[in-house]
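Secondary and tertiary structure notes
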Amino acid sequence: MCSSDLKFRKACKAVRDWATFFAAKAIKCRDELGEEAAAEKYAFIIDLWKELQDFELVRDQLLHVLVAGRDSTASLLCWTL
């Protein structure tokens, strides 16, 4: 494995860990404070949880939305310049 592959894998792990942290934090908040209180702060993640009921799916969907939002925003900015 070359160094660029290792760098890419480390970057992917960092992003996945970030999403895991926030998904876990939202679910923990829901468990401790209740669904309504958690939904005030983590509305998107709590809605995903209601629909999917699977932590890994929630994390993966959170990642997909964040990546898609970044890519589409970057494309829009490139085209407007």
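Read on for a plain summary of the structure.

About the criteria used
- Residues numbered from 1 in each chain as written.
- Predicted model: local features only at pLDDT ≥ 70, side-chain atom pairs only at ≥ 80, totals over all residues.
- Heavy atoms only, no water.
- Phe/Tyr/Trp six-rings, centres within 6.5 Å; stacked < 30°, edge-to-face > 60°.
- Axes fitted to C-alpha atoms, helices over the stretch in contact; angles between N-to-C directions.
- Helix = DSSP H or I, 4+ residues; strand = E, 2+ residues; numbered from the N terminus.
- Parallel < 35°, antiparallel > 145°, perpendicular 65-115°, else oblique.
- Contact = heavy atoms within 4.5 Å.
- Nonpolar A, V, L, I, M, F, W, Y, C, P; charged D, E, K, R; others polar.
- Salt bridge = Lys/Arg side-chain N within 4 Å of Asp/Glu carboxyl O.
- Buried < 20%, exposed > 50% of the residue type's maximum accessible area, 1.4 Å probe, protein only.
- Expected span 1.5 Å × (residues − 1).

Some details on the packing of aromatic side chains
Within this structure, the stated rule accounts for 2 aromatic pairs. Judged by centre distance (5.0 Å) and plane angle (85°), the rings of Phe21 and Phe22 are edge-to-face.

Description of the packing of helix H1 (residues 3-33) against helix H3 (residues 43-52)
Closest axis-to-axis distance for the H1/H3 pair is 9 Å, and the angle between their directions is 75°. Here H1 is positioned roughly perpendicular relative to H3, judged by the angle of their axes. Here Phe22, Ala23, Ala26, Ile27 and Arg30 of H1 come into contact with H3, specifically with Ile45, Ile46 and Trp49. Grouping the constituent residues of the contact of H1 with H3 by class yields 7 nonpolar, no polar and 1 charged.

Topic: the side chain of Arg59
Relative to the helices and strands, Arg59 is located in helix H4 (residues 55-80). Residues in contact with Arg59, not counting those within four places in the same chain, are Arg16, Ala19, Thr20 and Ala23.

Describing unusual backbone geometry
The phi torsion at Gln53 lies on the positive side, around 55°, for a residue other than glycine. Structurally, Gln53 can be placed in the loop between H3 and H4.

A short note on the pattern of salt bridges
Counted by the stated rule, this structure contains 6 salt bridges. Put simply, Asp31 and Arg30 hold a salt bridge, and the shortest N to O gap is 3.2 Å. Judged by relative accessible area, which is 53%, Asp31 ranks as exposed. Each of Glu35, Asp47 and Lys50 takes part in a single network of salt bridges with overlapping partners.

Some words on H1
Between its terminal C-alpha atoms H1 stretches 45 Å, which fits the 45 Å expected from 31 residues at 1.5 Å a residue. Listed in full, the buried residues belonging to H1 are Ala19, Ala23, Ala26, Ile27 and Cys29. One or two positions beyond H1, positive phi appears at Gly34, with a value near 100°.

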